[in-house]
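Take a look at the letters that make up each chain.
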Amino acid sequence: MKTLDKDYLAKRQLKRGTAGWLLLTGLGISYVISGDFAGWNFGIAEAGWGGFAIAAALMALMYFCLVLSLAEMSAAIPAAGGGYSFARQVMGPAGGYLTGLAILIEYALAPAAIVIFIGSAVEALLGINGPLVYAIFYAVFIAIHLLGVGEALKSMLIISGFAVFAIIATSFALLGDFNVANLFDIKASADAVGANSFMPFGWYGIWAALPFAMWLFLAVEGVPLAAEEAKNPAKDVPKGIIAAMVFLFFTAVLVLFLLAGSSSASMIGKSAVPLVDALNATGSTTLATVVNVLGLAGLIASFFSIIFGYSRLIFALSRAGYLPKFLSLTSKRKTPTWALIVPGVLGFLASLSGEGDLMLAMAVVGATISYALMSLSHILLRVKRKDLNRPYKTPGGVVTSSISLILSLVALTGVYAFDPRAFNYTLIIYAIGALYYFFYSKNSLVAKTAEEEFAMLEQAESELEAA
């Protein structure tokens, strides 16, 4: 193993003190907000409205428990690697890498899928789609990130604001048309175990709907990836991620109840643009047109923010030696240039497949593996590192993280219930990534332990500031 030195870190510096809790809240919202516009509603087709409501409640519980666990760990270990850094602290280099790899699968595949959906939205508005549209969006938003983290986060906050406005405006417009009977217009299956009018496809439907329920909250866990750029990581990151989760739960409840309740569950379960179709069905055609445009803002917000997330994760993994070290080199503006560009090129190539649904399902597999490992990290840190300074403590302690651990494993199997192909493909990629570590990169790490890396990082940064 190699060791860090001042020159090595001088070329790998992020801009500290840029993001307060409000920007971090905006980051958390923007990671997820596109999920309110489309994707989640296909879970109604799998489980019926009642079955999907159960699936959504279970996933909301999982995310709340996970977020509260991450809040504690991010305050105690404020590093750009997020979940990777937490896992390495307690499970060693291998555990850290395997956690980071699962997050990387999620964050690498999600933007490729989202840009395909962006292409479809652009086609509906302007009549153009395809590789040129994908390339333009990747190029423009990577360029904004290269300008600096402050500019990027502020841009994300503005874009997310338009998307949130669309959801709130839609909710007000649909409120007067809400009818409970519309929620239960899907006929119960005669063959499904446990099927009834509330959950027409029985228990299996709820299981298969779990990945779609995750889409209402997927990627909010990425807020700690901005820890090294926060003004006061110990306070700002916990506050930001919890505030984002609370807000996302609020918008999830709005779309879950009002869209199906104002039109019909059967229609919403099949809709490619559920907010727009619900507005058109209730006569709000002008607002439907506006929301159709603003729906593009929601997709852009998530696309934009996940680019930020993958760049910080790759930066941290590269700086530690898990990935090629050139990926953690930063520019004069303190942005990780190659960690933004290289995955962007690979994501663009992946988007050419046109299989957005498959990539999203694969991203969910990576996400659930990482959730289980991050939850386990919280439990082990509580047991093994009682001496660790914890500016914020998770309510419920290991009980809370145990709930997220169990539910994340259940959600992982839910992907298999929905799409075995996505489940199997992701595990193959995960196995290949694991072999890369065990046969190569474990011999290239720049520090023996997470503590050594963080200590050297603090010392080198102090020397750089004093110089």
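It should be noted that the structure appears before, not after, this text.
Because the structure is predicted, anything quoted here is derived from the model rather than measured.

Moving on, we get to the packing of aromatic side chains. According to the stated counting rule, one finds 23 aromatic pairs in the structure shown. Taken together, a centroid distance of 5.8 Å and an interplanar angle of 35 degrees make the contact between F184 and F198 tilted. Here F184, found in the loop between α6 (149-175) and α7 (202-214), pairs with F198, found in the loop between α6 and α7; they are 14 residues apart in sequence, far enough to count as distant. Judged by centre distance (5.6 Å) and plane angle (45 degrees), the ring pair of Y436 and Y440 falls under tilted.

We now examine the packing of helix α5 (residues 131-147) against helix α11 (residues 285-319). Following both chains from N to C, one finds α5 and α11 inclined at 55 degrees, their axes separated by 10 Å at the closest point. With respect to α11, the axis of α5 lies oblique. Crossing geometry of α5 relative to α11 is assigned as right-handed. Each of F137, Y138, F141, I142, I144 and H145 in α5 lies in contact with α11, whose residues at this interface are I300, F303, F304, I307, F308 and Y310. Across the contact of α5 with α11, the residue classes break down as 11 nonpolar, one polar and no charged.

With that out of the way, let us pick up the nonpolar core. Counting 145 residues, the largest nonpolar core has Y31, F52 and M214 as its most contacted members. Take this core: its biggest share by element is 20 residues, from helix α4 (residues 83-126). In this structure, F52 is in contact with W40, G43, I44, A47, A209, F212, A213, L216 and L256, ignoring residues within four places of it in sequence.

In this structure, G48 sits in helix α3 (residues 42-76). Sequence separation between G48 and F198 is 150 residues; the distance between their C-alpha atoms is 7.4 Å. What G48 contacts, discounting residues up to four positions off in sequence, is G43, I186, P200 and F201.

Take helix α2 (residues 21-32) next. Its 12 residues give α2 an end-to-end C-alpha distance of 17 Å, which sits within 8% of 16 Å, the value for a rise of 1.5 Å per residue. Burial analysis of α2 places 10 of its 12 residues in the buried class, which makes it a mostly covered element. All buried positions along α2 are accounted for by L23, L24, T25, G26, L27, G28, I29, S30, Y31 and V32.

Looking now at the packing of α3 against helix α14 (residues 398-418). Where α3 contacts α14, the axes come no closer than 8 Å and their chain directions differ by 140 degrees. One element, α3, and the other, α14, form an angle in the oblique class. At the point where α3 passes α14, the crossing takes the left-handed sense. Of the residues in α14, those touching α3 at E46, L58, M59, L61, M62, C65, L66, L68 and S69 are T400, S401, I403, S404, L407, S408, A411 and F418.

Conventions we followed
Residues numbered from 1 in each chain as written. Predicted model: local features only at pLDDT ≥ 70, side-chain atom pairs only at ≥ 80, totals over all residues. Heavy atoms only, no water. Phe/Tyr/Trp six-rings, centres within 6.5 Å; stacked < 30°, edge-to-face > 60°. Helix = DSSP H or I, 4+ residues; strand = E, 2+ residues; numbered from the N terminus. Axes fitted to C-alpha atoms, helices over the stretch in contact; angles between N-to-C directions. Parallel < 35°, antiparallel > 145°, perpendicular 65-115°, else oblique. Left-handed = near helix turned anticlockwise from the far one by under 90°. Contact = heavy atoms within 4.5 Å. Nonpolar A, V, L, I, M, F, W, Y, C, P; charged D, E, K, R; others polar. Core = buried A, V, L, I, M, F, W, Y, C linked by side-chain atoms within 4.5 Å. Buried < 20%, exposed > 50% of the residue type's maximum accessible area, 1.4 Å probe, protein only. Expected span 1.5 Å × (residues − 1).

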